[in-house]
Amino acid sequence: MENKMKSKVWFITGASRGFGRVWAEAALERGDRVAATARNADSLAGLREKYGESVLTLELDVTKPGQAGAAITQAHAHFGRLDIVLNNAGYSLVGTIEEASAEDVKAMYETNIFGALAVIQAALPLLRKQGGGHILGISSNLGHVTLPVIGYYCSSKWAFEAIHESLALEVKDFGVKVTIVEPGAYATEFGSQDSLKFAAGMEIYSDFKTQFFARLRDIERGDPKATPQALFQIVDIENPPLRFNLGSQNLPWVRTAYEERLALWEKWDAVSSSAQGVIK
């Protein structure tokens, strides 16, 4: 892979903790410049103190589209360009399909989907004008497979994947690249109370959820600090992939899921084809 080592300018949402914080610090350490955003700008004070003028810290609640536009504009004006726009902000709704209310689901989509869209739509005119850029959408291996109890979170990632796949086709001719980054299980703060919201529980699902959470506790989690060099290879290469698995656990799980889907479609293909009909 041919790497381009020219200094880059990043715009990162959800930079106060987790992957956002790890990647912001790693980019700054290698000499890049970063517009780091979070709902509470005070949570980014450590970046300002350590990296000085290389970092611009901004308050951004992605559920407020006006803030997204203002932050993108300010970051672009401050650094003169934006090379990488990284949508990392998001959280998981915990609850079975029956338990979660429509309001719960809408609130999660406001962050996970509409928040990302607000950033993308604000950034695209500037990326086109400057002749290109790279949009990174932080999805999940759960953008291809699902788990119970966090099904609505999985659904937001499936939607996230579809949006970015369409986006990649729409903006390619403008020199804008798109990569969907799909992390597996990592030991970030994503499992903390700030990254989880719980639907009101129903007693009938209590035992099921207890067993589910017990299985989750046994999952091997990766080290977030091991990820920056892999991410840098993606942003430094001339032709980055549309999708990129982050971690070693994703591909076996996703491969099995797609093999099962293909086998099921093949099994029912004769019946499916019989429903096509012919219009004369």
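Residues numbered from 1 in each chain as written. Predicted model: local features only at pLDDT ≥ 70, side-chain atom pairs only at ≥ 80, totals over all residues. Heavy atoms only, no water.

J.: Would you take a moment to explain the pattern of salt bridges for this structure?
T.: It is possible for side chains of opposite charge to pair when their charged atoms get near one another. What the rule picks out here adds up to ten salt bridges. Of the charged contacts in the structure, one is a salt bridge between Lys8 and Asp236, with a shortest N-O distance of 3.0 Å. Placement of the pair is Lys8 in the segment before strand S1 (9-12) and Asp236 in helix H7 (residues 228-236), with a sequence separation of 228 residues. Of the two residues examined, Lys8 and Asp236, each falls in the buried class. As a salt-bridge pair, Lys50 and Glu29 come within 3.6 Å of each other at their nearest N and O atoms. Taken together, the residues Lys50 in helix H2 (residues 45-51) and Glu29 in helix H1 (residues 18-29) connect sequence positions 21 residues apart. The same class applies to Lys50 and to Glu29, which are both exposed. (Salt bridge = Lys/Arg side-chain N within 4 Å of Asp/Glu carboxyl O. Helix = DSSP H or I, 4+ residues; strand = E, 2+ residues; numbered from the N terminus. Buried < 20%, exposed > 50% of the residue type's maximum accessible area, 1.4 Å probe, protein only.)

J.: How do you make sense of the layout of surface pockets when you look at a structure like this?
T.: Taken as a whole, the second largest pocket spans an internal volume of roughly 410 Å³. Lining the second largest pocket are 19 residues, with Lys8, Asp83, Gly133, Lys177 and Val235 sitting closest to its centre. For the lining of the second largest pocket, the elements supplying multiple residues, two or more each, are strand S6 (133-138) and H7. When grouped by side-chain class, the residues that make up the lining of the second largest pocket number four nonpolar, seven polar and eight charged. (1 Å grid on protein atoms, 1.4 Å probe; cavity = no way out; pocket = protein on both sides within 12 Å on 5 of 7 lines; lining within 4 Å. Points joined across faces, edges and corners; volume = space filled by probe spheres on them. Nonpolar A, V, L, I, M, F, W, Y, C, P; charged D, E, K, R; others polar.)

J.: Help me understand the nonpolar core, please; the structure alone is not making it clear to me.
T.: Taken as a class, soluble globular proteins show a tendency for nonpolar side chains to be buried jointly. Formed by 29 residues in total, the largest nonpolar core has its most connected members in Trp10, Trp23, Val34 and Leu86. Among the elements that make up this core, the one with the highest residue count is H1 (seven residues). Apart from the residues within four sequence positions on either side, Trp23 is in contact with Ile12, Leu86, Asn88, Ile138, Thr227, Pro228, Leu231 and Leu246. One finds Leu58, Ile120, Leu124 and Ala168 within the second-largest nonpolar core, a separate group that totals 26 residues. (Core = buried A, V, L, I, M, F, W, Y, C linked by side-chain atoms within 4.5 Å. Contact = heavy atoms within 4.5 Å.)

J.: Can you walk me through the sheet that holds S6 in this structure?
T.: The strand order S3-S2-S1-S4-S6-S7-S9 describes an open sheet built from seven strands, whose pairing is parallel. In this open sheet, the two strands that pair with only one neighbour each are strand S3 (55-59) and strand S9 (243-246). Averaged over all neighbouring strand pairs, the angle between strand axes comes to 20°, with direction disregarded. As defined by bridge partners, strand S7 (residues 176-183) adjoins S9 across four bridges and the pair is classed as parallel. From the neighbouring strand, Pro183 faces S9, where its bridge partner is Leu246. The sheet contacts of helix H3 (residues 65-79) involve S1, strand S2 (33-38) and S3, and relative to S3 the element is tilted by about 165°. (Pairing = 2+ DSSP bridges. Axes fitted to C-alpha atoms, helices over the stretch in contact; angles between N-to-C directions.)

J.: What should I look at first to understand empty space enclosed by the protein in this one?
T.: A water-sized probe rolled over the atoms picks out the places where empty space is left. The full count for this structure, using the stated rule, is one cavity of 30 Å³ or more. Of the volumes computed, that of the largest cavity is approximately 30 Å³. Lining the largest cavity are Asn112, Ile113, Ala116, Leu117, Ile120, Phe160, Ile163 and His164. Per-element accounting of the lining of the largest cavity gives the leading share, five residues, to helix H4 (residues 102-130). Taken together, the residues of the lining of the largest cavity sort by class into six nonpolar, two polar and no charged.

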